[in-house]
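Coordinate analysis (summary)
Residues per chain, in single letters:
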Amino acid sequence: MDPDYSAQDVARCDLCKTAIAQSYCDFCHVNLCKPCIGEHISADYGKHIIVAIHKRKSTLIYPKCETHQNKTCEYQCKDCNSFLCSRCLASKQHNQEHEFLELEEVFSSKKEHIKGDTKELENQILPAYEDIANDLKMQIARLDDEYKKLTTEMLKQREEIHREIDNAFHQMEKEIGEIKMKHHNILQKHLDEIKQLQSLVKQTLLGLNEMEESNEVSPTILYNSKIEEFSKLPPKVNISIPKFITKQMEREELCSLIGKLTPLSTTQEERVSTANKPNTSVRELLDEPEVLNTIKTGHGSLRNVTCINEDQIWISGNIADIKCFNIQGVLQKTIKPKSGSAPKDIAVYSDEALVYSHWSTRTVYKVKNDQTEEIITLQEWTPVSLCVTSSGDLLVTMYSDDETQSKVVRYSGSTVKQTIQFDVEGQPLYSGKNYIKYISENRNLDICVADFGASAVVVVNQAGKLRFRYTGHPSRTKSKSFNPHGITTDSQSRIVTADCDNHCIHILDIDGQFLRYIDNCDLNYPWGLCVDNNDCLFVCEYEKSNVKKIRYLK
């Protein structure tokens with residue numbers, strides 16, 4: 001605490017060292033008692049500035065004019081960012097069409113900005129970095145237990161196999177140790193990076209605190225905020241614990257009896273520096289998913305659903321109206337598309353603006369505050385499904401007029417940023433016919449498309465390079481072929497897609513490995529899907545016109 005204001009330490013005169021100081025020289029920066037004021041100002045009387053002690057450092061120290069000797073600059077040119085004295089203004093040597101600001105006002109404004117930055121760094125950004133560091137420390141602390149569980153699962157299988165394959169198990173234990181060390185190193189490296197950033201934030205905060213106490217004009221005026229730089233939090237590292245995959249005993253291939261470890265999987269997830277950021281902690285799948293609520297929309301042939309927040313959803317189908325319901329099933333709002341016919345798909349931006357695509361006008365529309373605008377209009381292509389990305393871009397699937405080609409196009413506003421159509425060998429990634437290809441962005445920025453025409457989920461990375469195709473999972477209970485419709489992803493980077501004809505949902509991991517079905521919720525032709533910030537799944541039932549809210553994670 002500043003000693004001049006501390007209740008534990010009274011400010012003493014810097015001259016006599018004993019008397020209580022009632023005044024302060026804002027030029028020399030010394031505390032003064034009343035008797036010592038005369039002695040202090042006896043020499044060079046004109047330069048001293050005596051103020052009450054509680055107004056210390058209230059007198060601004062203006063920069064000296066580089067052109068006119070013994071003049072101080074009390075103005076700033078907004079256009080050239082230069083300091084000017086009164087003679088500079090009067091001489092008209094500076095461009096008189098420029099806008100001039102009083103430094104006192106600029107100084108006061110910057111001081112307020114500094115206070116705001118200080119508060120934001122102290123109350124939001126630094127705590128966010130501390131949370132990241134604590135989370136990484138907890139992950140590191142849990143490594144021994146997690147890998148102990150993994151080893152235990154492996155040893156259960158080992159008990160069923162002949163002693164001749166012990167050497168193979170020892171080799172796999174070594175592999176686990178290496179993966180664990182790699183896992184640890186990745187987390188530790190990220191933690192070290194976070195600590196470096198924390199140190200930079202603290203250093204910046206210390207500098208701001210010093211600047212708040214300073215009455216130096218030049219450094220204050222020249223201050224540049226680092227809030228934007230620090231607000232962009234480092235991506236979160238998601239590392240999945242390897243799995244032990246068992247195999248049936250086959251004496252002919254002893255090594256294959258053990259199974260295998262899945263490789264260490266590392267992804268980076270963009271962080272959001274807000275109080276309402278979604279829950280991204282590790283969540284396992286429920287053994288039995290459960291229906292939390294059923295919203296009866298009365299909307300014929302329901303195909304599309306998208307979440308506004310945890311309490312509201314937009315839906316659309318084969319009739320023109322786009323409707324908003326709350327979670328209790330009460331109709332909140334209806335939008336009637338300009339075309340007068342049903343939209344192909346709907347999506348919602350982070351500011352809750354609605355976008356929808358329409359085939360007859362080949363246009364994507366945006367609706368905000370009851371105002372509709374055309375943001376994308378195509379020639380020779382028809383827009384189909386939509387996805388708003390984590391960066392605020394819009395992904396659009398579309399097919400050509402002759403229905404021989406399909407592609408995914410990324411837009412920033414109405415500007416094309418990326419086109420995804422062919423693999424590295426020049427072959428089409430997607431089927432060409434007029435099939436709805438629902439689309440979603442995963443947490444690792446993969447682009448996931450449910451290609452009904454190809455009976456596959458097609459996943460490419462952010463650069464548009466094919467990662468994998470998922471063509472269904474063999475099952476004796478699923479009699480129809482796999483034809484995916486809706487698709488979405490959750491906070492665990494799992495891919496969730498609707499298998500309409502088999503009345504179930506497929507859940508895949510980030511690499512396209514089948515994890516399980518959701519087939520116990522009495523689903524009737526599931527179609528459109530979305531996941532809210534709490535990882536609750538909303539499912540459109542095409543024929544019944546219901547939306548079911550399903551909890552499938554622990």
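This text gives an overview of the structure that appears in the document.

1. Details of the overall build of the protein
For the protein, the count of helices and strands is seven helices and 34 strands. Relative to a compact globule of 554 residues, whose C-alpha radius of gyration would be 24 Å, the protein shows 33 Å and is clearly more extended. Over its C-alpha atoms, taken along the principal directions, the protein stretches across nearly 105 × 70 × 50 Å. Split into buried and exposed, the 554 residues of the protein put 46% on the buried side. A fraction of 51% describes how many contacts in the protein between residues 6 or more apart in sequence connect residues 24 or more apart. Carbon and sulfur atoms make up 46% of the accessible area of the protein, which amounts to about 29,100 Å² in all.

2. Let's talk about the pairing of strand S23 (residues 415-420)
Remark: a regular strand shows side chains that alternate across the two faces of the sheet. The sheet contact formed by strand S22 (residues 406-412) and S23 spans five bridges and is antiparallel. Across the sheet, residue Val409 finds its bridge partner in S23, namely Thr419. Turn length for the S22-S23 hairpin, with the two strands adjacent in sequence and antiparallel, is two residues, and the turn residue Gly413 shows positive phi of about 65°.

3. Section: the nonpolar core
Of all hydrophobic cores here, the largest spans 34 residues; its most connected members are Leu121, Ile125, Tyr129, Tyr147, Val201 and Leu261. When residues of this core are traced back to their parent elements, those giving at least two are helix H3 (103-158), helix H4 (166-213), helix H6 (227-231) and strand S7 (236-240). Sorting elements by how many residues they give to this core places H3 first, with 14 residues. With residues up to four places along the chain from it excluded, the contact list for Tyr129 reads Ile194, Leu197, Gln198, Val201, Phe230, Lys232, Leu233 and Pro234. Listed in part, the 28 residues of the second largest apolar core include Tyr399, Ile436, Leu508 and Cys530.

4. Focus on the pattern of salt bridges
Side-chain pairs of opposite charge can arise whenever the charged atoms involved come near each other. If you walk through the whole model with that rule in mind, you get 15 salt bridges. Residues Glu112 and Lys115 are paired through a salt bridge, measuring 3.8 Å at the closest nitrogen-oxygen approach. With Glu112 and Lys115 both in helix H3 and three residues apart, the pair spans about one turn of that helix. For Lys336, the salt bridge goes to Asp321, with nearest N and O atoms at 3.2 Å. In this pair, Lys336 sits in the loop between strand S15 (331-335) and strand S16 (345-348) while Asp321 sits in the loop between strand S13 (312-317) and strand S14 (322-326), placing the two residues 15 residues apart along the sequence. Residue class for Lys336 comes out exposed when judged on its relative accessible area of 62%. On the basis of relative accessibility, which here comes to 18%, the residue Asp321 falls in the buried class. Each member of the salt-bridge network shares a partner with another, and the members are Asp393, Arg410 and Lys417.

5. Quick word on helix H1 (residues 34-41)
All of the buried residues in H1 are Cys36, Ile37, His40 and Ile41. Along the axis of H1, the buried residues cluster in a sector spanning 125°; they form a single face. In H1, those exposed residues whose orientation departs by more than 90 degrees from the buried face are Pro35 and Glu39. Of the surrounding secondary structure, the elements contacted by the buried residues of H1 are strand S1 (23-25), strand S2 (30-32) and strand S3 (50-52).

6. Here we look at the packing of aromatic side chains
A full pass over the atoms with the stated rule returns four aromatic pairs. Each ring, one from Tyr356 and one from Tyr365, has its centre 5.1 Å from the other, and the planes form 25°; the classification is stacked. Exposure class is identical for Tyr356 and Tyr365. Each is buried. With a centroid separation of 4.6 Å and 25° between ring planes, the pair formed by Trp527 and Tyr542 is classed as stacked. Taken together, the residues span a long stretch of sequence, with Trp527 in strand S32 (residues 526-531) and Tyr542 in the loop between strand S33 (536-541) and strand S34 (546-553) at a distance of 15 residues. For Trp527, a relative accessible area of 14% gives the class buried. Directly above the aromatic system of Tyr349 lies the positively charged group of Lys366, at a separation of 4.9 Å from the ring centroid. Residue placement shows Lys407 over the ring face of Trp381; its charged tip is 4.0 Å from the ring centre.

7. Details of the sheet that holds strand S4 (residues 75-77)
What the three strands build is an open sheet, ordered S5-S4-S6; its pairing is antiparallel. Pairing within the sheet leaves two strands with one partner each, and these edge strands are strand S5 (83-84) and strand S6 (100-102). Where S4 and S5 come together, two bridges link them in antiparallel fashion. The residue bridging Gln76 from the neighbouring strand is Phe83, located in S5.

8. Quick look at the environment of Leu197
Relative to the assigned elements, Leu197 resides in helix H4. Classification of Leu197 by relative accessible area gives partly exposed; the value is 27%. If sequence neighbours within four positions are ignored, Leu197 has contacts with Tyr129 and Pro234.

9. Describing a negative patch on the surface
A surface patch of like charges, here negative, comprises Glu74, Glu102, Glu104 and Glu105. Checked against the element boundaries, Glu105 lands in helix H3. Look at Glu105 and you get exposed, because its relative accessible area is 53%.

10. A few points about the sheet that holds S32
The sheet built from four strands is open, its strands ordered S11-S34-S33-S32 with antiparallel pairing. Lying at the two open borders of the sheet, with one neighbouring strand each, are strand S11 (285-296) and S32. If you compare each strand with its neighbour and ignore which way they point, the axes differ by 25° on average. Relative to S34, S33 runs antiparallel, the two sharing six bridges. Residue Cys536 lies in a different strand from S34, and its bridge partner there is Arg551.

11. What to know about the environment of Ile176
Examined against the element boundaries, Ile176 turns out to sit in helix H4. Here Ile176 falls in the buried class, since its relative accessible area comes to 5%. Dropping the residues within four chain positions of it, Ile176 is found in contact with Tyr147, Leu150, Thr151, Met154 and Leu261.

What counts and how
Residues numbered from 1 in each chain as written. Predicted model: local features only at pLDDT ≥ 70, side-chain atom pairs only at ≥ 80, totals over all residues. Heavy atoms only, no water. Helix = DSSP H or I, 4+ residues; strand = E, 2+ residues; numbered from the N terminus. Rg over C-alpha atoms; globule rule 2.2 N^0.38 Å. Buried < 20%, exposed > 50% of the residue type's maximum accessible area, 1.4 Å probe, protein only. Contact = heavy atoms within 4.5 Å. Areas by Shrake-Rupley, 256 points an atom, 1.4 Å probe, with all protein chains shown as cover. Pairing = 2+ DSSP bridges. Core = buried A, V, L, I, M, F, W, Y, C linked by side-chain atoms within 4.5 Å. Salt bridge = Lys/Arg side-chain N within 4 Å of Asp/Glu carboxyl O. Arc of directions from axis to C-beta. Phe/Tyr/Trp six-rings, centres within 6.5 Å; stacked < 30°, edge-to-face > 60°. Lys NZ or Arg CZ within 6 Å of the ring centre and 35° of its normal. Patch = residues over 30% accessible without salt bridge, like charges linked within 9 Å, V, L, I, M, F, W, Y side chains within 5 Å. Lys, Arg positive; Asp, Glu negative; His and termini not counted. Charge placed at Lys NZ, Arg CZ, Asp CG, Glu CD. Axes fitted to C-alpha atoms, helices over the stretch in contact; angles between N-to-C directions.

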